[in-house]
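Take a look at the letters that make up each chain.
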Amino acid sequence: MFPIHRPRRLRTHPQLRRMVRETVLTTSDLIYPLFAVPGEAIANEVKSMPGVYQLSVDKIVEEAKEVYDLGIPSIILFGIPADKDVDATGAWHDCGIVQKAATAVKAAVPDLIVIADTCLCEYTSHGHCGYLQTGDLTGRVLNDPTLELLKKTAVSQAKAGADIIAPSGMMDGFVQAIRQGLDEAGFQDTPILSYAAKYASGYYGPFRDAADSTPQFGDRRTYQMDPGNAREAIKEIELDIAEGADMLMVKPALAYMDIIWRVKEASNLPVAAYNVSGEYAMVKAAALNGWIDEERVVMETLTGFKRAGADLILTYHAKDAARWLK
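The name that an unreviewed UniProt entry assigns to the protein is Delta-aminolevulinic acid dehydratase, with the source organism given as Nostoc flagelliforme CCNUN1. Comment text from UniProt for the protein, heading Sequence similarities (unreviewed entry), reads "Belongs to the ALAD family." You can read under Catalytic activity (unreviewed entry) in the UniProt record for the protein the words "2 5-aminolevulinate = porphobilinogen + 2 H2O + H(+)".

Here is the structure:
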């Protein structure tokens, strides 16, 4: 009856536990999202995301320097333009807010990797991710005409200094269109991080406050994935790989760890997980109320994403996590 195998032997000392730890989170795994707005000296806290701000370009540069000093290798830029229209002009214009921010960050912190979110919902007057049929109030985006807008946006972002292009609109064929546009413009070496498996999720609510991207009507279920589908995620990543994706993303992360695992098992590309705004907001709200130990929960969650197969984690907790890791 005496137990021969005693797993507790390897848990007796903190150093021993560290030696045999299977999954190790590091600052190199983290990507920090930033929201750029027009103006100067602007830092507007997002009400539903304590600690997250809409920042003018000068403040974005300050944040980028801090991020780099913390050992975080990359940021991803989202933009809120001064004006919106049906052609999403602010997304692809050379003087767009993301373009300005990318150029400024690369000038100030050249070794920081700048990822540009390549989508249109923040820039269209209706809040959808592309062109709509005239008079259509359902939100059914016209796929192929939208590809041309995404191509223009990606090229403009690369010209502005973005190191990685990250298309997130879930249009069919968007990776191929962007790859073609980048190659034709001389950016053959600019990689694409595709939002390959992006679900129509209730966890995005606070992001829409941060990015001012709530649809004016309808919803995004005709182009983002149904939360009940897992095999479809593999179909989506296979298409993106065939079209030239260099990295793949699963979004959201917390309720989709099984998808992260499936994507990791099905491909040999780096896999990113987006720890989205709703996931962040829930933790912050509980922590502010004293209901949880914020550091412990955050680190456990981020380690869980990595254990599930994520090579990279986009998270609003990145700066705090980097400090805790030190």
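### Topic: the UniProt feature "binding site: 5-aminolevulinate 1" (unreviewed entry) in the protein
As annotated in UniProt, the feature "binding site: 5-aminolevulinate 1" (unreviewed entry) corresponds to Arg208 and Arg220 in the numbering used here. As for its placement among the helices and strands, Arg208 is situated in helix H7 (residues 205-211). Taking relative accessible area as the criterion, Arg208 reaches 22% and is therefore assigned partly exposed. When sequence neighbours within four positions are dropped, the list of residues in contact with Arg208 reads Ser213, Thr214, Pro215 and Arg220. The exposure class of Arg220 is buried, given its relative accessible area of 6%.

### Quick look at the packing of aromatic side chains
What describes a pair of aromatic rings is the distance from one ring centre to the other and the angle between the planes of the rings. Counted by the stated rule, this structure contains eight aromatic pairs. Between Phe35 and Phe78, the ring centres sit 5.4 Å apart and the planes meet at 25°, which makes this aromatic pair stacked. With a gap of 43 residues between them, Phe35 in strand S1 (residues 30-37) and Phe78 in strand S4 (residues 74-79) connect regions that are remote in the sequence. The exposure class of Phe35 is buried, given its relative accessible area of 0%. Owing to a relative accessible area of 2%, Phe78 belongs among the buried residues under this scheme. Cation over ring: Arg6 sits above Phe2, and NZ or CZ is 4.6 Å from the ring centre. Lys251 extends its terminal NZ or CZ atom over the ring of Tyr274, reaching a point 4.5 Å from the ring centre.

### Overview of the nonpolar core
Across soluble globular proteins, nonpolar side chains show a tendency to be buried alongside one another. Among the nonpolar cores identified, the biggest contains 80 residues, and Ile75, Leu77 and Ile259 are the most heavily contacted of them. Setting aside residues up to four positions removed in sequence, Ile75 forms contacts with Ile31, Tyr32, Leu34, Val67, Val105, Leu112, Ile113, Val114 and Ile115. Of all hydrophobic cores here, the second largest spans 27 residues; its members include Ile164, Ala166, Met247 and Leu314.

### Focus: the UniProt feature "active site" (unreviewed entry) in the protein
Here the UniProt feature "active site" (unreviewed entry) sits at Lys198 and Lys251. These annotated residues cover 54 residues of sequence, but their C-alpha atoms sit close together, with the largest distance between any two at 4.8 Å. Residue position: Lys198 is located in strand S7 (residues 193-198). Each residue touching Lys198, except ones within four places of it in the same chain, is listed here: Ser168, Met170, Tyr204, Gln224, Met225 and Lys251. Only 3.0 Å separates the side chain of Lys198 from the backbone oxygen of Ser168, close enough to count as a polar contact. Of note, Lys251 is situated in strand S8 (residues 247-251). Dropping the residues within four chain positions of it, Lys251 is found in contact with Tyr195, Ala197, Lys198, Tyr199, Tyr204, Tyr274 and Val276.

### Regarding the pattern of salt bridges
The full count for this structure, using the stated rule, is twelve salt bridges. Linking Glu62 and Lys59 is a salt bridge whose minimum nitrogen-to-oxygen distance equals 3.8 Å. Highlighted residues: Glu62 and Lys59, both in helix H2 (residues 57-69), separated by three residues, approximately one helical turn. Across the pair Arg179 and Asp183 runs a salt bridge, and its minimum N-O distance is 3.0 Å. Placement of the pair is Arg179 and Asp183 together in helix H6 (residues 174-184), with a separation of four residues, close to one helical turn. On the accessibility criterion, Arg179 (13% relative accessible area) is buried. Residue Asp183 is classed as partly exposed on the basis of its relative accessible area, which comes to 30%. Where salt bridges share partners, they join Glu63, Glu66, Lys319, Asp320 and Arg323 into one cluster.

### Observations regarding a positive patch on the surface
On the surface, a cluster of positive charge is made up of Arg6, Arg8, Arg9 and Arg11. Following the sequence through the fold, Arg6 ends up in the segment before helix H1 (14-19).

### Some thoughts on unusual backbone geometry
Residue Lys251 is joined to Pro252 through a cis peptide bond whose omega torsion reads -5°. Mapping Pro252 onto the fold places it in the loop between S8 and helix H9 (257-266). The phi dihedral of Ala88 is positive, around 50°, even though this residue is not glycine. With respect to the helices and strands, Ala88 occurs in the loop between S4 and helix H3 (89-92). Accessibility expressed as a relative area gives 0% for Ala88, which makes it buried. Not every positive phi belongs to a glycine, and Met170 is a case in point at roughly 55°. Structurally, the position occupied by Met170 is in the loop between strand S6 (164-167) and H6.

What counts, and where the lines are drawn
Residues numbered from 1 in each chain as written. Predicted model: local features only at pLDDT ≥ 70, side-chain atom pairs only at ≥ 80, totals over all residues. Heavy atoms only, no water. UniProt positions renumbered as here; feature names shortened; annotations may be inferred. Helix = DSSP H or I, 4+ residues; strand = E, 2+ residues; numbered from the N terminus. Buried < 20%, exposed > 50% of the residue type's maximum accessible area, 1.4 Å probe, protein only. Contact = heavy atoms within 4.5 Å. Phe/Tyr/Trp six-rings, centres within 6.5 Å; stacked < 30°, edge-to-face > 60°. Lys NZ or Arg CZ within 6 Å of the ring centre and 35° of its normal. Core = buried A, V, L, I, M, F, W, Y, C linked by side-chain atoms within 4.5 Å. Polar contact = N/O pair within 3.5 Å; in protein donor to acceptor, adjacent residues only side chain to side chain. Salt bridge = Lys/Arg side-chain N within 4 Å of Asp/Glu carboxyl O. Patch = residues over 30% accessible without salt bridge, like charges linked within 9 Å, V, L, I, M, F, W, Y side chains within 5 Å. Areas by Shrake-Rupley, 256 points an atom, 1.4 Å probe, with all protein chains shown as cover. Lys, Arg positive; Asp, Glu negative; His and termini not counted. Charge placed at Lys NZ, Arg CZ, Asp CG, Glu CD.

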